[in-house]
Amino acid sequence: MTDAKKPIELDQLVAANDLVGIRLWLAEHPPYEIADALTRLPPQRAIIPFRLLDKERELEVFEELDPSQQQAILMGLRDSAFRELLEKMGPDDRARLIGEAPAKIAARALAGLSPAERRVTAAILGYPEDSVGRFMNPDTVILHRNLTVARALEVVRAKGSEAEIVYVMPVVDDGRRLSGMVRLSELVTSNPDTLLKDLVDVFTPRVYATDPAEDAARLVQEANLVALPVVDSEERFLGLLTFDDALELIEAADSEDIARQAGSQPITGHYATVGVLRLARARAVWLLLLIIASTLTINVMQGFEATLEQMTALALFVPMLTGTGGNVGSQSATAVVRALAVGEVRLRDLPRVIWKESRVGLLLGCMLATIALIIGSLLVGTAVAAAVALSVVAICAWASIIGSTMPLLARRIGVDPAVVSAPLVSTLVDATGLLIYFSVARTVLGL
């Protein structure tokens, strides 16, 4: 594609201050693409195209942005536009924005809301930060179990425009206690005189408002739900966790786990606009911890200095053994962290996990030991090669056990398993693997 045929990007139009071009670009792109383009712009520039959006698309684009970008946009709006935008937002999205905003923005936001919206927002903000109550949407059509299908459809027509979704709706009793959920498709296709209590799905999963938000989001995914009802301690209906919010929660949790497994602190915001210092700061903490932890390897090497002096050939295989052990341990840790995240493994499964991973490590060790034995025999002779091969088997089995055990133990003591990241497992396996290697070498070679 020649330069003349390349599509013009929003950042180019903003840099050229081409207001007509910006309006045309905005008119030709859907909200999610506009939001992505805005996140790639510095906050002071992103406000320009946002102000040029049509009123009916402004809210759609705004709700596609992450909270930090939303805050930057709000700071650039006049008071009237600021209040209007917040008032139109869904209660859950608004509460999440205010909850993550600096005190100055949060106070301005709450002060600008109508009394009714302020009460709803304050109620959501009253739940713990990572609970599903912070992410539920109370704006939904609630149906009584004694209504007929005909009457229920009238309620949907009257109140459906105020709800985020009407594909599924909660059915409650006189005390607002949740009986179950009913699908709109069932209402449309059922006899008008049928009572909702005869249609309601009483087996629909539900969660309490104080339950962890990530667990609730995983439940939405596993049960293939459009929306998950949220109740209080007395089973009274409070709101719905919708599938789009569940997907955002899962994406955020997975992004955090990936960052921690790579030995880095999670960062918020678009990568393209995150500063160099902020990225370095996020990675530096773990690197400092890992370089301190790596002194264990140096101490082990010093402890076996005499052994190395007697058989210098042993030093040739240290990088291979530490690298192999670290990789095997990292693979096990990653597999178990993922299994924990999706609910495939629980704390009580620890013995099964150790038994399975130790056998996996032995199989991998035997395969790699065969290669090490052949290469070692050609380079330094069969005696040292045999010591290396036996060490590979033992190190691989040990690394698999360490890598699979640490995330489960971390969960047991209340620490995020992803914090026990692959680099940390690799560093610990390096040190203990060298102990195994030199111990085996001393025994086999009689040093």
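Our structure is the block above this text.
First, a word on what this report is: a plain description of the structure on this page. (Residues numbered from 1 in each chain as written. Predicted model: local features only at pLDDT ≥ 70, side-chain atom pairs only at ≥ 80, totals over all residues. Heavy atoms only, no water.)

**Points about the overall build of the chain**
Stage number 1. Each helix and strand counted, the chain has 21 helices and six strands in total.
Stage number 2. In terms of overall dimensions, the chain is more spread out than a globule: its C-alpha atoms have a radius of gyration of 29 Å, far above the 22 Å expected for 447 residues.
Stage number 3. Across the 447 residues in the chain, those meeting the buried criterion constitute 44%.
Stage number 4. Look at the contacts in the chain between residues 6 or more apart in sequence, and 67% of them connect residues 24 or more apart.
Stage number 5. For the chain, the accessible surface area stands at approximately 23200 Å², while carbon and sulfur atoms represent 58% of it. (Helix = DSSP H or I, 4+ residues; strand = E, 2+ residues; numbered from the N terminus. Rg over C-alpha atoms; globule rule 2.2 N^0.38 Å. Buried < 20%, exposed > 50% of the residue type's maximum accessible area, 1.4 Å probe, protein only. Contact = heavy atoms within 4.5 Å. Areas by Shrake-Rupley, 256 points an atom, 1.4 Å probe, with all protein chains shown as cover.)

**Section: the pattern of salt bridges**
Two side chains that carry opposite charge are able to pair once their charged atoms sit near each other.
Stage number 1. If you walk through the whole model with that rule in mind, you get 14 salt bridges.
Stage number 2. Where D93 meets R96, a salt bridge forms, and the shortest distance between an N and an O atom there is 2.7 Å. Here the residue D93 and the residue R96 both occupy positions in helix α8 (residues 91–100), the gap between them amounting to three residues, near one helical turn. A single burial state applies to D93 and to R96, both of which are buried.
Stage number 3. Each of D93, R96, D245 and E248 takes part in one network of salt bridges that share partners. (Salt bridge = Lys/Arg side-chain N within 4 Å of Asp/Glu carboxyl O.)

**Let's talk about the pairing of strand β5 (residues 227–231)**
Stage number 1. Here β5 lies mainly inside the structure; five of its five residues are buried.
Stage number 2. Burial along β5 is two-sided: A227, P229 and V231 facing one way and L228 and V230 facing the other are all buried.
Stage number 3. With two bridges joining them, strand β4 (residues 207–208) and β5 adopt parallel strand pairing. By the bridge assignment for β5, V207 is matched with V230.
Stage number 4. Between the parallel pair β4 and β5, the chain is carried across by helix α13 (residues 213–222), and the sense of this crossover is right-handed.
Stage number 5. Note: β5 against strand β6 (residues 237–242), five bridges, orientation antiparallel. Within β6, the residue paired with P229 across the bridge is L240.
Stage number 6. Hairpin geometry of β5 and β6 is characterised by an intervening segment of five residues between the two adjacent antiparallel strands and by a positive phi of about 70 degrees at E235. (Pairing = 2+ DSSP bridges. Right-handed = clockwise from strand over helix to strand, strands pointing away.)

**So, the sheet that holds strand β2 (residues 168–172)**
Stage number 1. Pairing is mixed in the open sheet, where three strands are placed in the order β1-β2-β3. Edge positions in the sheet fall to β1 (143–144) and β3 (178–183), since each of these pairs with one other strand and no more.
Stage number 2. As judged from the two bridges shared by β1 and β2, these two strands associate in the parallel manner. Across the sheet, residue H144 finds its bridge partner in β2, namely V172.

**Concerning the packing of aromatic side chains**
Stage number 1. Inspection of every chain in the model, using the stated rule, returns two aromatic pairs.
Stage number 2. Each ring, one from F50 and one from F62, has its centre 5.9 Å from the other, and the planes form 55 degrees; the classification is tilted. Pair noted here: F50 is in helix α4 (residues 43–51) and F62 is in helix α5 (residues 55–64), with a separation of twelve residues, a long-range link. Here F50 and F62 have matching classes, each one buried.
Stage number 3. Judged by centre distance (5.3 Å) and plane angle (35 degrees), the ring pair of Y437 and F438 falls under tilted. The same class applies to Y437 as to F438, namely buried. (Phe/Tyr/Trp six-rings, centres within 6.5 Å; stacked < 30°, edge-to-face > 60°.)

**A closer look at helix α20 (residues 382–412)**
Stage number 1. End to end, α20 covers 45 Å across 31 residues, agreeing with the expected 45 Å (1.5 Å per residue, within 8%).
Stage number 2. Following α20 by one or two positions, G414 has its phi on the positive side, about 85 degrees. (Expected span 1.5 Å × (residues − 1).)

**Structural notes on a negative patch on the surface**
Stage number 1. Together, D54, E56, E60 and E64 make up a negatively charged patch on the protein surface.
Stage number 2. Relative to the assigned elements, D54 resides in the loop between α4 and α5.
Stage number 3. Residue D54 is classed as partly exposed on the basis of its relative accessible area, which comes to 43%. (Patch = residues over 30% accessible without salt bridge, like charges linked within 9 Å, V, L, I, M, F, W, Y side chains within 5 Å. Lys, Arg positive; Asp, Glu negative; His and termini not counted. Charge placed at Lys NZ, Arg CZ, Asp CG, Glu CD.)

**Topic: the nonpolar core**
Stage number 1. Membership of the largest hydrophobic core comes to 32 residues, with the highest contact counts inside it found for L38, F50 and F62.
Stage number 2. Sorting elements by how many residues they give to this core places helix α3 (residues 31–39) first, with four residues.
Stage number 3. If near-sequence neighbours (up to four positions away) are discounted, F50 is found in contact with L38, E58, F62, I73, L77 and L85. (Core = buried A, V, L, I, M, F, W, Y, C linked by side-chain atoms within 4.5 Å.)

**Here's the deal with the state of the cysteines**
Stage number 1. Applying the stated criterion across every chain yields a total of zero disulfides.
Stage number 2. Of the cysteine sulfurs around C366, a residue in no disulfide, the closest is that of C396, at 9.0 Å.
Stage number 3. Looking at C366, the relative accessible area reads 43%, which means it is partly exposed.
Stage number 4. Since its relative accessible area comes to 0%, C396 is described here as buried. (Disulfide = S-S within 2.5 Å.)

**What about the packing of helix α19 (residues 350–380) against α20?**
Stage number 1. Between α19 and α20, whose axes approach to 7 Å, the crossing angle comes to 155 degrees. Classified by the angle their axes make, α19 and α20 are roughly antiparallel. The handedness of the crossing between α19 and α20 comes out as right-handed.
Stage number 2. For the contact of α19 with α20, a count of residues per class yields 22 nonpolar, nine polar and one charged. (Axes fitted to C-alpha atoms, helices over the stretch in contact; angles between N-to-C directions. Parallel < 35°, antiparallel > 145°, perpendicular 65-115°, else oblique. Left-handed = near helix turned anticlockwise from the far one by under 90°. Nonpolar A, V, L, I, M, F, W, Y, C, P; charged D, E, K, R; others polar.)

**A short note on the sheet that holds β4**
Stage number 1. With mixed pairing, the three strands of this open sheet are ordered in space as β4-β5-β6. A single partner strand is all that each edge strand has here, and the edge strands are β4 and β6.

**Re unusual backbone geometry**
Stage number 1. Although it is not a glycine, N17 sits at a positive phi angle of roughly 55 degrees.
Stage number 2. The backbone of E235 shows a phi angle near 70 degrees, a positive value even though the residue is not glycine.

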